[in-house]
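Each chain, written out:
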Amino acid sequence: MSSTQPDVAIITGASRGIGAVIARQLARQGFAVVINYASSASEATALVAELRRDGHQAIAVQADVASAADVKRLFDETEQQLGKVDVLINNAGVLNVLPLAQYSDELYDHTFNINTKGTFNTLREAATRLNGGGRIVNFSSSTVGMNLPGYAVYIASKAAVESLTQVFAKELRGRQITVNAVAPGPVATELFLRGKSEEQIQTFSQMPPLERLGQPQDIANIVSFLVSPAADWVNGQILRANGGLV
Ligand code: NAP
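To keep things clear, this report deals only with the structure shown in the data block. Keep in mind that what you see is a predicted model, and the values were worked out from it rather than measured.

This paragraph deals with the overall build of the protein chain. Within the protein chain, the regular secondary structure consists of eight helices and seven strands. C-alpha atoms of the protein chain, sized along the principal axes, occupy 50 × 40 × 35 Å. Burial analysis of the protein chain (246 residues in total) assigns 53% to the buried set. For the protein chain, the share of sequence-separated contacts (at least 6 apart) that also reach a separation of at least 24 residues comes to 73%. Total accessible area on the protein chain stands at roughly 11200 Å², and carbon and sulfur atoms take up 52% of it. Considering the protein chain, the positive charge centre built from 20 side chains and the negative charge centre built from 22 side chains are found 5 Å apart.

Contacts to the ligand come from 30 residues, most closely from S15, S39, S40, Y154 and T189. A38 places a main-chain nitrogen or oxygen 2.9 Å from an oxygen atom of the ligand. Within the side chain of K158, an N or O atom sits 2.9 Å from an oxygen atom of the ligand. Contact with the protein chains removes 95% of the 900 Å² of surface that the ligand exposes when unbound. Among the residues forming the shell around the ligand, the class breakdown is 15 nonpolar, twelve polar and three charged.

Right, let's talk about the environment of A9 for a bit. With respect to the helices and strands, the residue A9 is situated in strand β1 (residues 8-11). Considered as a pair, A9 and P216 are 207 residues apart in the sequence and their alpha carbons are 18 Å apart. Contacts of A9, omitting those with residues within four sequence positions, involve L26, F31, A32, V33, V34 and V87.

Right, let's get into the nonpolar core. I22, L26, V33, I35, I89, F139 and V182 are the most contacted members of the largest nonpolar core, which totals 33 residues. Elements with a contribution of two residues or more to this core: β1, α1 (17-28), β2 (32-37), α2 (41-53), β4 (85-90), β5 (130-139) and α8 (216-226). Here the element with the most residues in this core is α1; it accounts for seven residues. With near-sequence residues (within four places) excluded, V33 lies in contact with A9, I11, A23, L26, A27, L51, Q57, A58, I59 and L82. Residues A32, A66, V71 and L130 belong to the second largest nonpolar core, which totals 27 residues.

Attention now moves to the pattern of salt bridges. In total, this model carries ten salt bridges according to the counting rule given. Here E79 and R129 are joined by a salt bridge, their closest N and O atoms 3.1 Å apart. You can see E79 sitting in helix α3 (residues 68-81) and its partner R129 sitting in helix α4 (residues 105-129), a full 50 residues away along the chain. Its relative accessible area of 28% is what places E79 among the partly exposed residues.

About the thresholds
- Residues numbered from 1 in each chain as written.
- Predicted model: local features only at pLDDT ≥ 70, side-chain atom pairs only at ≥ 80, totals over all residues.
- Heavy atoms only, no water.
- Helix = DSSP H or I, 4+ residues; strand = E, 2+ residues; numbered from the N terminus.
- Buried < 20%, exposed > 50% of the residue type's maximum accessible area, 1.4 Å probe, protein only.
- Contact = heavy atoms within 4.5 Å.
- Areas by Shrake-Rupley, 256 points an atom, 1.4 Å probe, with all protein chains shown as cover.
- Lys, Arg positive; Asp, Glu negative; His and termini not counted.
- Charge placed at Lys NZ, Arg CZ, Asp CG, Glu CD.
- Near = heavy atom within 4 Å.
- Polar contact = N/O pair within 3.5 Å; in protein donor to acceptor, adjacent residues only side chain to side chain.
- Nonpolar A, V, L, I, M, F, W, Y, C, P; charged D, E, K, R; others polar.
- Core = buried A, V, L, I, M, F, W, Y, C linked by side-chain atoms within 4.5 Å.
- Salt bridge = Lys/Arg side-chain N within 4 Å of Asp/Glu carboxyl O.

Honestly, that's just the spatial picture; any functional story needs more than this.
Structural data, given as structure tokens:
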């Protein structure tokens, strides 16, 4: 990390939802942020404009995390515009709720290509390109601990992310880079709300003893901690953030 330039953070899937709130949080924390997105160009551009207006360094880079070539270009463009990467937040993800028997080959591949291979692609790039002392935060889900019907493929794709996290933390021995994962419970974003009735949303919100849905800021606060010096000793861990749900 350089003492004159701000540290650089890539946040995948930062055009909207939890990722956009993480980007705002890390920008406030002093990072130069890379807003990665797949298709929401106007949201990503608007977020960059907002952050720059507030005096922060921010760029938007389109890249499909499921594509190794796109991910390489994401790191290339970041290095060219902002410098080498210090922090990688693997937030991009998709959810399709459907019983396993009804899952198509296409939907299975789509889920694993983004949630699991997308994380693998960025980790592999980060292995050689992240600055020493850097931080990686992957995204799992508390559904891994709940075994909810309809979530089998999603849960499997996120369980794999937890395994990648725990092994990769060890493979980076000697680089002073920590690798952790956050596993949120239900958070009020499009990913969770889409396709659910008011009644289903109410049921989910009453499940945790804290009796509410998570908000993107709840998760951004945890990411903020994990990339801060206060979390220097936290490595290879899965942190479930769900108000006590599981
Ligand atoms: P969201 O509101 O649906 O936002 C998803 C973000 O990911 C968008 O910015 C989207 O960008 C991006 N994205 C999707 N596919 C991509 C790809 N192939 N390449 C790059 N970016 C891509 O989702 P969210 O609720 O914020 O979820 C964020 C993370 O938290 C996910 O990993 C999710 O599994 C996890 N999570 C969420 C919840 C929840 O209840 N919300 C619970 C547990 C875990 P585009 O619009 O450009 O595609």
